[in-house]
Amino acid sequence: MPARSGPVVGNASKRCIARRLFRCCVALLCVLLASSCSSWVYDDNDDCPYGFWLDLHYTYNILDVEAAPEYVKDVSVFVYDSVGSYVTRIDANQATLKAFGHRVRVEGLPEGDYQFVVWSGLGNEEYAVTGDMLPLEQFRLSLARQPNGEVPGLLPDLFHGSLPTVHYDNAYAVHDVQMMKNTNQLACLIVPLDDSEELLPDDYTMKVVSANSTMDAHNRLVSGEAVVYRPYAQDTVVVEDADYGLLHGIKFGISTLRLTEDTDCRLILEKSDTGETVFNISLPEYIGMIGSLYTNMGRQLSVQEYLDRQDFYTIVFFLSGANLDQLLQLQVNSWRLRAYNHLKL
């Protein structure tokens, strides 16, 4: 009686088994990959996106280019719940921002809805914060003024950004935060057109007076006492003009906090020996004259948007008259306005 042999597996059956094994391996691999991306533990070599991030941008400038890596060097993030109650504060220095591509990671919060207010520049002694651990509406940022109420130096850069109420949980999320610069530099040149008498820096004093020294968490100016901004630099200057040739004058460098259309801000030039006022003008009004000449993506800028985007102004006053009280021409940055009727300041 012949011996029995085991079952014979044909080629078709072998291919079927191989396909099933392959499908099982693929399914198992997918499960492993999915579990690795949802893991609670991550390291720097993990390719899976994770975390809740605030992505900082500074394109709200006159050039409309990304400048956050160059100018936003450290940040303080104030976290509030959906009704504005203070939750916590997150600080990130320049090295940390650079390491994470100018993003700030938010972690350790209970799941829920939160608001975020971001400031850059709070580490400088020129700025003082009150209400930083109180509800959102009680936050105040102010200039640390001298006892006489004056600000004599160059202000460090100050930026503000915010993110309205968003939901926070363990899911991966990146939220853009647009920063706006709150400091301005002015280079004010006083140039007599007759050039018969050379001006000396000590002959005149200049100041900016405005109640713009305090802001709330929404970056709105809060009414208060006026602050006096004094020059951080003062010197003689030579201006080469296409119409009048070489002209001699004096130059003042002054920095201020945010300028707004509806907050009075006066630029004042006085004679040093007598205290006589040469001119006292509205700074936002005069520099705002050219705001409508700028466009962004084909859209005309409003005066306020121009004031917020621009952060450096070269203002040249071409003056005449015995008391230098007649404005013949005004140049703001590269734009020149001619006062054909000799505007009296």
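Nothing here was measured: the structure is a model prediction, and the numbers come from that model. (Residues numbered from 1 in each chain as written. Predicted model: local features only at pLDDT ≥ 70, side-chain atom pairs only at ≥ 80, totals over all residues. Heavy atoms only, no water.)

## Section: the overall build of the chain
Next, step 1: Assigned secondary structure in the chain consists of 5 helices and 24 strands.
Next, step 2: Every one of the 345 residues in the chain was classed for burial, and the buried ones make up 43%.
Next, step 3: Of the contacts formed within the chain by residues at least 6 apart in sequence, a portion of 64% connects residues at least 24 apart.
Next, step 4: Here the chain has roughly 18,700 Å² of accessible surface; of this, 52% comes from carbon and sulfur atoms. (Helix = DSSP H or I, 4+ residues; strand = E, 2+ residues; numbered from the N terminus. Buried < 20%, exposed > 50% of the residue type's maximum accessible area, 1.4 Å probe, protein only. Contact = heavy atoms within 4.5 Å. Areas by Shrake-Rupley, 256 points an atom, 1.4 Å probe, with all protein chains shown as cover.)

## Remarks on the sheet that holds strand β14 (residues 214-216)
Next, step 1: Pairing in this open sheet of 3 strands is antiparallel, and the strands run β6-β7-β14 from one edge to the other. Edge strands, defined here as strands with exactly one partner in the open sheet, are β6 (127-130) and β14. The average undirected angle you get between the axes of adjacent strands in this sheet is 20°.
Next, step 2: Pairing between β6 and strand β7 (residues 140-143): 4 bridges, direction antiparallel. When the bridges of β7 are listed, Tyr127 appears paired with Leu143. (Pairing = 2+ DSSP bridges. Axes fitted to C-alpha atoms, helices over the stretch in contact; angles between N-to-C directions.)

## What about the pairing of strand β22 (residues 312-320)?
Next, step 1: Burial runs high along β22: 7 of the 9 residues are buried.
Next, step 2: In the sheet, strand β12 (residues 183-192) pairs with β22 via 8 bridges, with the strands oriented parallel. Within β22, the residue paired with Leu186 across the bridge is Tyr313.
Next, step 3: Two elements, β22 and strand β23 (residues 326-332), share 6 bridges in a ladder whose sense is antiparallel. Counterpart to Leu319 in the pairing with β23 is Leu327.
Next, step 4: Linkage of β22 to β23, two consecutive antiparallel strands, is achieved through a turn of 5 residues, within which Gly321 is found at a positive phi near 95°.

## Description of the pattern of salt bridges
Next, step 1: All chains considered together, the criterion is met by 16 salt bridges.
Next, step 2: Between Arg103 and Asp55 there is a salt bridge; the shortest N-O distance is 3.7 Å. You can see Arg103 sitting in strand β4 (residues 103-106) and its partner Asp55 sitting in strand β1 (residues 52-57), a full 48 residues away along the chain.
Next, step 3: Relative accessible area serves as the criterion here: at 27%, Arg103 is assigned to the partly exposed category.
Next, step 4: Using a relative accessible area of 10% as the deciding quantity, one classes Asp55 as buried.
Next, step 5: Taking the shortest distance from any N to any O, the salt bridge between Arg89 and Asp91 comes out at 3.1 Å.
Next, step 6: The exposure class assigned to Arg89 is partly exposed, which follows from its relative accessible area of 33%.
Next, step 7: In the salt-bridge network here, residues are joined through shared partners; they are Asp64, Arg299, Glu305 and Arg309. (Salt bridge = Lys/Arg side-chain N within 4 Å of Asp/Glu carboxyl O.)

## Comments concerning the confidence of the model for the chain
Next, step 1: Of the residues in the chain, 83% have a pLDDT of 70 or more, and the chain-wide mean is 85.
Next, step 2: Here residues 1-9 is modelled with pLDDT under 50, and outside its nearest four sequence neighbours on either side it reaches 1 contact, counting other chains as well.
Next, step 3: Scored below 50 in pLDDT, residues 24-28 makes 0 contacts in the model with residues more than four places away or belonging to other chains. (pLDDT = per-residue confidence, 0-100.)

## Quick look at the packing of aromatic side chains
Next, step 1: Throughout the structure, instances matching the rule amount to 14 aromatic pairs.
Next, step 2: Within the aromatic cluster, the residues linked to one another by ring pairs are Phe52, Tyr114, Phe116 and Tyr168. (Phe/Tyr/Trp six-rings, centres within 6.5 Å; stacked < 30°, edge-to-face > 60°.)

## A look at the sheet that holds β4
Next, step 1: Pairing is mixed across the open sheet formed by 3 strands, whose spatial order is β4-β1-β10. Looking at the sheet topology across the chains shown, the edges are occupied by β4 and β10 (173-178). For this sheet the average axis-to-axis angle between neighbouring strands, irrespective of direction, equals 25°.
Next, step 2: Two strands pair when backbone bridges link them, and β1 and β10 are joined in this way by 6 bridges, in the parallel orientation. Bridge assignment links Trp53 to a residue of β10, and that residue is Val174.

## Describing the environment of Thr274
Next, step 1: Here Thr274 is to be found in the loop between β18 (265-271) and β19 (277-282).
Next, step 2: The exposed category is assigned to Thr274, whose relative accessible area is 54%.
Next, step 3: With 71 residues separating them in the primary sequence, Thr274 and Asp203 have C-alpha atoms 9.9 Å apart.
Next, step 4: At a separation of 3.2 Å, a polar atom in the side chain of Thr274 contacts the main-chain amide nitrogen of Glu276. (Polar contact = N/O pair within 3.5 Å; in protein donor to acceptor, adjacent residues only side chain to side chain.)

## Remarks on the nonpolar core
Soluble globular proteins tend to bury their nonpolar side chains together.
Next, step 1: Among the nonpolar cores identified, the biggest contains 52 residues, and Ile190, Phe279 and Phe317 are the most heavily contacted of them.
Next, step 2: What Ile190 contacts, discounting residues up to four positions off in sequence, is Leu199, Met206, Gly249, Ile250, Phe252, Leu269, Phe279, Phe317 and Leu319.
Next, step 3: Core analysis: the next-biggest nonpolar cluster, separate from the first, contains 26 residues, Tyr58, Ala68, Val79 and Val118 among them. (Core = buried A, V, L, I, M, F, W, Y, C linked by side-chain atoms within 4.5 Å.)

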